[in-house]
Amino acid sequence: MPKVLISDKLSPAAVQIFKDRGIEADVKTGLPPEELKAIIGRYDGLAIRSNTKVTAEILAAATNLKVVGRAGIGVDNVDVPAATARGVVVMNTPYGNSITTAEHAIAMLFAVARDIPQANASTHAGKWEKSKFMGVELTAKTLGVIGCGNIGSIVAERGIGLKMKVVAYDPFLSQERAKALGVEKVELDDLLSRADFITLHTPLTDATRNIIDAGALAKTRKGVRIVNCARGGLVVEEDLKAALDSGHVAGAALDVFKEEPARSNILFGHEKVVCTPHLGASTTEAQENVALQVAEQMSDYLLTGAVTNAINMASVSAEDAPKLKPYMALAGQLGSFAGQLTEHGIKAVSISYEGQVADLNTKPLTATILEGLFKSFVETVNLVNAPVIARERNITVTEARNDRSCDYHTLIRLSVTTEQHTRSVEGTLFGGDKPRLVSIKNIPIEAEVGPFMLYVTNADKPGFIGRLGTTLGEAGVNIATFHLGRAEAGGDAIALIQVDQQVGNALLEKVRAIPNVVQAKAMKF
Ligand SMILES: NC(=O)c1ccc[n+]([C@@H]2O[C@H](COP(=O)([O-])OP(=O)(O)OC[C@H]3O[C@@H](n4cnc5c(N)ncnc54)[C@H](O)[C@@H]3O)[C@@H](O)[C@H]2O)c1
Ligand SMILES: O=C(O)CC[C@@H](O)C(=O)O
């Protein structure tokens with residue numbers, strides 16, 4: 001039974017889902033890193049929110065971990081490259097808290113426009129400072145949305161509903177989408193110079209870190225108000241404080257901070273700053289949504305191999321997972337076969353999916369082929385990092401699909417180009433689920449792959465099969481299956497023999513000494 005650790009506060013609905021799906025779930029929140037490190041090796045899955053830091057060190061100790069599920073959007077508390085390198089799938093729940101967070105941003109807009117928290121504190125203190133809190137209207141003001149994705153676009157729609165003019169800066173926002181939303185797509189400087197209110201909704205990346213710094217603030221209108229419900233590192237807090245102190249910025253509403261949990265911050269106590277402790281996603285509805293979603297996604301992955309909303313791997317639906325299973329086995333065999341025959345640097349990999357397989361989601365198959373291919377050279381390769389390794393090594397990977405019927409109802413062809421030559425191997429499924437190699441180096445064959453194989457290429461001359469059988473027999477190696485193929489009578493021939501034990505080097509030398517043998521290779525699958 002798979003085991004999952006829930007290390008941040010998640011709705012109890014998540015525990016129930018794990019239980020219902022037959023997964024053991026332990027809830028241990030607020031663990032110091034050392035304690036998490038000590039126990040993480042016991043778990044197949046880790047469900048988190050933003051508190052748990054899934055560092056490379058934690059991942060190194062997570063020897064059984066297969067999946068990290070983030071109940072929420074941002075995965076900046078997860079070392080995704082380290083997870084990828086270890087074959088751990090990282091998934092999030094991209095839509096479950098979008099409305100809630102957008103509503104928080106709108107609440108913050110009102111709060112900062114009308115000094116609501118400050119007025120609340122003053123009134124509770126019995127001060128009745130009616131003239132102190134003079135606000136501004138939102139109606140007819142310009143709202144600048146930086147980052148117009150899931151949350152930014154909901155904020156934009158709500159802003160339009162509040163009769164604001166909305167301008168958006170998002171290099172990845174199409175003009176069509178901007179038009180459909182009713183926002184004006186602008187450049188950052190234009191937004192900065194026009195907006196009365198600026199609201200941030202981008203992820204924290206190298207391009208967005210410190211996007212609101214002294215330089216950007218200098219381009220804003222005097223009296224601008226800034227809302228950040230995305231990530232702390234987007235705003236340079238010292239620069240914002242200076243602009244608030246000078247009166248250039250009239251107010252700021254911040255849900256997120258550079259250092260979290262933020263027990264102290266230079267903006268705390270500033271009379272023009274409204275703060276909440278990263279509450280953007282904190283509604284019962286959103287927490288129920290993300291907890292249910294993450295538990296379902298993690299259970300699906302652990303129990304069926306279905307992958308949804310993964311940051312570092314192609315998605316596989318629960319419907320596709322069983323259909324893909326026999327193809328995954330075939331893809332692994334093709335990749336591994338080609339990898340074991342490859343002796344020079346790989347320059348390009350070309351994969352062709354023909355017939356029935358062309359209708360499936362082939363991304364996971366390509367990852368499986370690459371994993372099999374690289375396994376002979378890269379010890380740490382896995383399904384998750386195989387495409388990354390190909391990119392890092394400048395190996396061109398091309399995929400083609402052709403749903404026309406070929407000689408086989410379904411076929412995968414893998415061609416590997418090295419510095420020396422291009423070699424192809426093809427495979428199909430017999431009876432819908434039994435992988436078979438059907439062509440090697442364009443020579444037809446029908447071979448079942450077993451754990452130990454002997455691959456021989458030879459000139460097609462009489463006497464070869466008998467001598468090979470005798471050589472193996474004399475060495476006490478039992479033959480399980482024997483498959484032959486040849487390009488033409490008397491031409492290039494291949495033999496793929498399944499044996500009951502690994503063929504050692506001494507025996508390989510004897511096989512190579514048989515007349516007409518060109519190459520002999522022991523293989524493991
Ligand atoms: N405060 C909270 O509790 C809370 C809750 C949920 C999400 N968030 C955060 O809100 C942010 C947005 O979430 P989302 O679901 O809308 O994400 P999203 O991926 O749907 O949208 C992000 C948008 O930012 C845009 N973008 C990327 N780089 C940009 C750049 N350099 N300049 C301008 N735009 C850029 C993208 O094109 C995209 O449209 C994330 O950082 C997320 O972690 C915070
Ligand atoms: O889990 C939370 O409370 C914060 C979530 C939010 O930051 C997110 O990125 O989804």
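Residues numbered from 1 in each chain as written. Chains lettered and ligands numbered in written order. Predicted model: local features only at pLDDT ≥ 70, side-chain atom pairs only at ≥ 80, totals over all residues.

Let us now look at the domain arrangement of the chain. By a widespread convention, an interface's size corresponds to the accessible area lost as its parts come together. Per the domain assignment, the segments of the chain are domain 1 (3-95 + 285-304), domain 2 (116-271), domain 3 (314-440) and domain 4 (449-524). Its C-alpha centre places domain 1 at a distance of 32 Å from the equivalent point of domain 2. At the interface, 4 residues of domain 1 touch 4 residues of domain 2. Per-class residue counts for the side of domain 1 that touches domain 2 are 2 nonpolar, 1 polar and 1 charged. (Domains from an automatic or database assignment. Contact = placed C-beta atoms within 7 Å. Nonpolar A, V, L, I, M, F, W, Y, C, P; charged D, E, K, R; others polar.)

This part is about the sheet that holds strand 4 (residues 67-70). Across the sheet, 5 strands lie side by side as 2-1-3-4-5; this open sheet has parallel pairing. Strands with a single pairing partner mark the edges of an open sheet, and in this sheet they are strand 2 (24-27) and strand 5 (89-91). Going across the sheet, the axis of each strand differs from the next one's by a mean of 15 degrees, ignoring polarity. Note: strand 1 (residues 3-6) against strand 3 (residues 45-48), 3 bridges, orientation parallel. Considered in strand 3, the bridge of Leu-5 is made with Leu-46. Its contacts with the sheet place helix 1 (residues 12-20) against strand 1, strand 2 and strand 3, and it is angled at close to 155 degrees to strand 2. Docked against the sheet, helix 12 (residues 284-304) engages strand 1, strand 3, strand 4 and strand 5, running at close to 165 degrees with respect to strand 4. (Pairing = 2+ DSSP bridges. Helix = DSSP H or I, 4+ residues; strand = E, 2+ residues; numbered from the N terminus. Axes fitted to C-alpha atoms, helices over the stretch in contact; angles between N-to-C directions.)

The subject of this paragraph is the UniProt feature "domain: ACT" (unreviewed entry) in the chain. Per the UniProt record, the feature "domain: ACT" (unreviewed entry) sits at residues 453-525. For the annotated span residues 453-525, helix accounts for 26% and strand for 42% of the residues, and the straight-line distance between the end C-alpha atoms is 8 Å. (UniProt positions renumbered as here; feature names shortened; annotations may be inferred.)

A word on the site of ligand 2. In the vicinity of ligand 2, the contacting residues are Arg-49, Ser-50, Gly-72, Ile-73, Gly-74, Asn-97, His-278, Gly-280, Ala-281 and Ser-282. Class assignment of the residues belonging to the shell around ligand 2 gives a composition of 2 nonpolar, 7 polar and 1 charged. (Near = placed C-beta within 6 Å.)

The peptide bond linking Glu-260 to Pro-261 adopts the cis configuration, its omega dihedral lying at -5 degrees. If you check the backbone angles, His-278 has positive phi at about 50 degrees while not being a glycine. Tracing the sequence through the fold places His-278 in the loop between strand 12 (273-275) and helix 12. Judged by the 21 C-beta atoms lying within 10 Å of it, His-278 falls in the buried class. (Buried ≥ 20, exposed ≤ 12 C-beta atoms within 10 Å, placed from the backbone.)

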